[in-house]
Amino acid sequence: MLRERLKEIDLKVTELADYLQISRPTLYSYIELYDKKKFNQINANVLRLFNYIKENELAGKRNVVNYILNNMVELQDFGEDEHGDVLKLIKNYLLTNPNSKKSKFLKQCITDDGLDKIIYYLTDVSEIMKKQNKTEQDKQRLKPYYHLINELKNLY
């Protein structure tokens, strides 16, 4: 049974549905069809993934996520420019590290305008930090950043 195999590799159906960008009920339906060997009623890409999971005893959660990223995720939607490359990196990071603090922060940045001022400031700081010769104004602009870094060192 496929559901037991997913438990073995510590991959929750809700996570897998998110990775595949399909609803949980649809995924449950596909799993049920797979277990009943009604393969012709399952999306071809999902069927290949299920076969990969069942046939590869050594495949773990990370392997399954990598399989999805390499074989199923449509990244060409982002285009081929510099922004497309960055979006691909972000999407890959979010898919492979869905519960990391960085992923949660990225999601929060996208969904909550309350962080915009901090994001704008950090973007400015990043540009200033790249400069070889910082002006007095640059140095003043960096003071809150250095203060924050020192405070965080004390907390973590």
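Coordinates for the structure precede this section.
For every chain, the first residue of its written sequence is number 1, and the numbers climb from 1 along that sequence. Under the rules for a predicted model, residues below a pLDDT of 70 receive no local features and side-chain atom pairs below 80 are neither given nor counted, while totals for whole chains, interfaces and linings still include all residues. Excluding hydrogens and water, the side-chain values take into account all heavy atoms of the structure.

Novice: Residue-level account of the packing of helix 8 (residues 116-130) against helix 9 (residues 136-155), with values.
Specialist: It is the contact of helix 8 with helix 9, at a shortest axis distance of 10 Å, that shows an interaxial angle of 120 degrees. Compared by their axis directions, helix 8 and helix 9 come out oblique. Considering how the two elements wind past one another, helix 8 and helix 9 form a crossing that is left-handed. Counted together, Tyr121, Leu122, Asp124, Val125, Ile128 and Met129 of helix 8 and Asp138, Arg141, Leu142, Pro144, Tyr145 and Tyr146 of helix 9 form the full contact between these two elements. Residues are grouped as follows: nonpolar covers Ala, Val, Leu, Ile, Met, Phe, Trp, Tyr, Cys and Pro; charged covers Asp, Glu, Lys and Arg; every other residue, Gly included, is treated as polar. Considered class by class, the residues forming the contact of helix 8 with helix 9 number nine nonpolar, no polar and three charged. Angles here are taken between N-to-C directions and fall from 0 to 180 degrees, while the axes themselves are lines fitted to C-alpha atoms, restricted in helices to the stretch in contact. The helix and strand labels rest on DSSP assignments: H or I over at least four residues marks a helix, E over at least two residues marks a strand, and numbering proceeds from the N terminus. Working rule for angles: under 35 degrees goes down as roughly parallel, over 145 as roughly antiparallel, 65 to 115 as roughly perpendicular, anything else as oblique. Note: crossing handedness is left-handed where the near helix turns anticlockwise from the far helix by less than a right angle, and right-handed where it turns clockwise. A contact between two residues is defined here by any heavy atoms of the two lying within 4.5 Å.

Novice: Which residues make up the packing of helix 2 (residues 13-20) against helix 3 (residues 24-35), and what values do they have?
Specialist: Two elements in contact, helix 2 and helix 3, have axes separated by 9 Å at closest approach and are oriented at 105 degrees. Between helix 2 and helix 3, the angle falls in the class roughly perpendicular. Note on element contacts: helix 3 touches helix 2 through Arg24, Leu27, Tyr28 and Ile31, opposite Val13, Thr14, Leu16, Ala17 and Leu20. Tallied by class, residues from the contact of helix 2 with helix 3 come to seven nonpolar, one polar and one charged.

Novice: Can you explain the nonpolar core? Please cite residues and give values.
Specialist: Within this scheme, the nonpolar core is defined by two criteria: the residues are buried Ala, Val, Leu, Ile, Met, Phe, Trp, Tyr or Cys, and they are joined through side-chain atoms within 4.5 Å. Per-residue accessibility, obtained with a 1.4 Å probe over protein chains only, is compared with the maximum for each type, and a residue is labelled buried under 20%, exposed over 50%, and partly exposed between these values. Formed by 27 residues in total, the largest nonpolar core has its most connected members in Leu16, Leu49 and Phe50. Among the elements of the structure, helix 1 (2-8), helix 2, helix 3, helix 4 (44-55) and helix 5 (61-71) are those that each provide at least two residues to this core.

Novice: Report on the packing of aromatic side chains, specifying residues and quantitative values.
Specialist: For this analysis, a ring pair means two rings from Phe, Tyr or Trp (six-membered ring only for Trp) whose centres lie within 6.5 Å, classed as stacked if their planes differ by under 30 degrees, edge-to-face if by over 60, and tilted for the remaining angles. Applying the stated criterion across every chain, the model contains four aromatic pairs. On the numbers, 4.5 Å between centres and 20 degrees between planes, the contact of Tyr52 with Tyr67 is stacked. Of the two residues, Tyr52 sits in helix 4 while Tyr67 sits in helix 5, which places them 15 residues apart along the sequence. For Tyr67, a relative accessible area of 17% corresponds to the buried category. Centroid distance Tyr145 to Tyr146: 5.5 Å. Interplanar angle 65 degrees. Geometry classified as edge-to-face. Residue Tyr146 is classed as partly exposed on the basis of its relative accessible area of 41%. One aromatic cluster is present, built from ring pairs that chain together Tyr34, Phe39 and Phe50. In our convention, an over-ring charge means Lys NZ or Arg CZ found within 6 Å of a ring centre and within 35 degrees of that ring's normal. Its guanidinium or amino end placed over the ring of Tyr93, Lys102 lies 5.3 Å from that ring's centre, counting from NZ or CZ.

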